[in-house]
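Residue-level structure breakdown
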Amino acid sequence: KATIKDLDLKGKRVFIRVDFNVPVKNGVVTDDNRIVSALPTINYALEKGAKIILASHRGRPKGEGFEEDYSMKPVFLRLKSEFGDNVFYSEKVIGEEVVKKSQELKEGQILLIENLRFEKGEKKSDPEFAKELRKLSDLYVNDAFGTCHRKDASVYVLPTLYEKPVAGFLVEKEIHYFENVLANPEKPYIAILGGAKVSDKIPVIENLLNKVDSILIGGAMAYTFLKAKGVEIGKSILEMEMVELAEQYMNKAKEKGIDIFLPVDHVITDKIEDGKVEITLDEKIPEGFMGVDIGPETIVKFKEVIKGAKTVVWNGPMGIFEIDSFSAGTIAIANAIAESECVSIVGGGDSAAAVKKAGVFDKISHVSTGGGASLEYLAGKKLPGIEVLSDK
Ligand code: 3PG
């Protein structure tokens, strides 16, 4: 794909679609990974003398105008700490007032506009809304990897209104890992899947069964697989309607010589808050208890597999890692990946947060800023927001 390096930015108004859909608490951004990840593109454009219009969505507002809970103001504050008085804010997303603000920008200045989804046209891929956005700039850059699996107007329609819509450095890097590196992964190639739902990962598992050498499964989705093997799982989270499919996947893996590793022991509790916490002796979970993390034997086994891998992709935590007493499994996996010599790609907000919590962020080859977007890639799909960008 063509990138921002292929554009002449000097003196131009440049619309940079970013994914600043970041968590906020009490008006403060609590995880700025997505903002920091877009800085190389923003800084490059500033150095080249561009006038930048930054635009993102945040959360899922109704699309009927301003909603405080989904405002970009906390992001604006975070950007101010980076760019000081060179960054401005517009409460309006489209219309005369914001167009005027974009025209008044000087080289090296940034205008952050409000949440694109405050306008209903954004989610509806509305061409009229895209035309209004088009008035804000001369050039278009997409650095919103986390949104590239959506057909929202600003990522899917707006770029088609420019002669040469390009990728920013973050999108370029994500494409590199998901398309180039994973197209020809060095073997052994292993996938580690976790999180709550098997149903969220169906297309991913189906695609990976044609690519990987082993799959390690943890998190709540493991209990559905264990159930399919006939193992007692107590009152652990179960997707009954997925049991049959889980069994089919295990059979298919066997036919193809792919190892699927399930937990061999668990951290269990009878109640998530202030319950009794125990570790099982084997894969069985007694009645009245639920699994909340992989157990120590499983950690040892999973670590061994990770150690021998040359390429690892990881999506989804191994347990309820937000609660400290159930986070050991997820943290151990993060550490094991960091210690291994493999090329490692971690996707999904929870796994990225776990990597941060474990303090090994810099030891992972690539921590993706995409949740849904990275899953679509792992499912072997093309992302609409990337498809519409110009080729080199
Ligand atoms: C994400 O966080 O996955 C992206 O920002 C997309 O958000 P969405 O799922 O609300 O479209």
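Residues numbered from 1 in each chain as written. Predicted model: local features only at pLDDT ≥ 70, side-chain atom pairs only at ≥ 80, totals over all residues.

**Let's talk about the domain arrangement of the protein**
Defined as follows: These domain limits were set by an automatic method or by a database of domain assignments. Two residues qualify as being in contact provided that their C-beta atoms, derived from the backbone, are within 7 Å of each other.
Structurally, the protein comprises domain 1 (4-169) and domain 2 (176-378). Distance between the C-alpha centres of domain 1 and domain 2: 34 Å. Of the residues lining the interface, nine residues belong to domain 1; the matching set on domain 2 comes to eight residues.

**Comments concerning the UniProt feature "binding site: (2R)-3-phosphoglycerate" (unreviewed entry) in the protein**
In plain terms, the rule: UniProt positions are given in the numbering used here, feature names are shortened, and annotations may be inferred rather than shown by experiment. Counting from the N terminus, the helices are DSSP H or I runs at least four residues long and the strands are E runs at least two residues long. Any residue with 12 or fewer other C-beta atoms within 10 Å of its own C-beta is exposed, any with 20 or more is buried, and the rest are partly exposed; the C-beta atoms used are placed from the backbone.
Sequence positions flagged by UniProt for "binding site: (2R)-3-phosphoglycerate" (unreviewed entry) are, in local numbering, Arg 34, Arg 117 and Arg 150. Secondary-structure assignment places Arg 117 in the loop between strand S6 (110-113) and helix H4 (120-123). Summarising the element assignment, Arg 150 is placed in the loop between strand S7 (139-143) and helix H6 (153-157). For Arg 150, a count of 22 C-beta atoms within 10 Å translates into the label buried.

**A few points about the sheet that holds strand S13 (residues 277-279)**
In a beta sheet, neighbouring strands are held together by backbone hydrogen bonds and run either parallel or antiparallel to one another. Put simply, the rule reads: Strand pairing is assigned whenever DSSP detects at least two bridges linking the two strands. Fitted lines through C-alpha atoms give the axes, limited to the stretch in contact for helices. The angle between two N-to-C directions lies from 0 to 180 degrees.
Read from one edge of the open sheet, three strands run S13-S12-S14, paired in antiparallel fashion. Each edge of the sheet is formed by a strand with only one pairing partner; in this case those strands are S13 and strand S14 (290-294). Neighbouring strand axes in the sheet, compared pairwise and without regard to direction, differ in orientation by 35° on average. Two strands pair when backbone bridges link them, and strand S12 (residues 266-269) and S13 are joined in this way by three bridges, in the antiparallel orientation. Among the inter-strand pairings, Val 267 is bridged to a residue of S13, identified as Ile 279.

**Notes on the pairing of strand S16 (residues 343-347)**
As a reminder of what qualifies: Crossover handedness is defined here as right-handed if the route from the first strand over the helix to the second strand goes clockwise, with the strands pointing away from the viewer.
Where burial is concerned, most of S16 is hidden: four out of the five residues are buried. In the sheet, strand S15 (residues 311-315) pairs with S16 via five bridges, with the strands oriented parallel. Each bridged residue has a counterpart across the sheet, and for Asn 315 the counterpart in S16 is Gly 347. Crossover connection from S15 via helix H12 (residues 328-339) to parallel S16: handedness right-handed. Of the pairings in the sheet, the one linking S16 to strand S17 (residues 366-367) comprises two bridges and is parallel in character. Bridging from a neighbouring strand, Val 346 pairs with Val 367 of S17. At this point the chain moves from S16, through helix H13 (residues 349-357), to the parallel S17, and the crossover so formed is right-handed.

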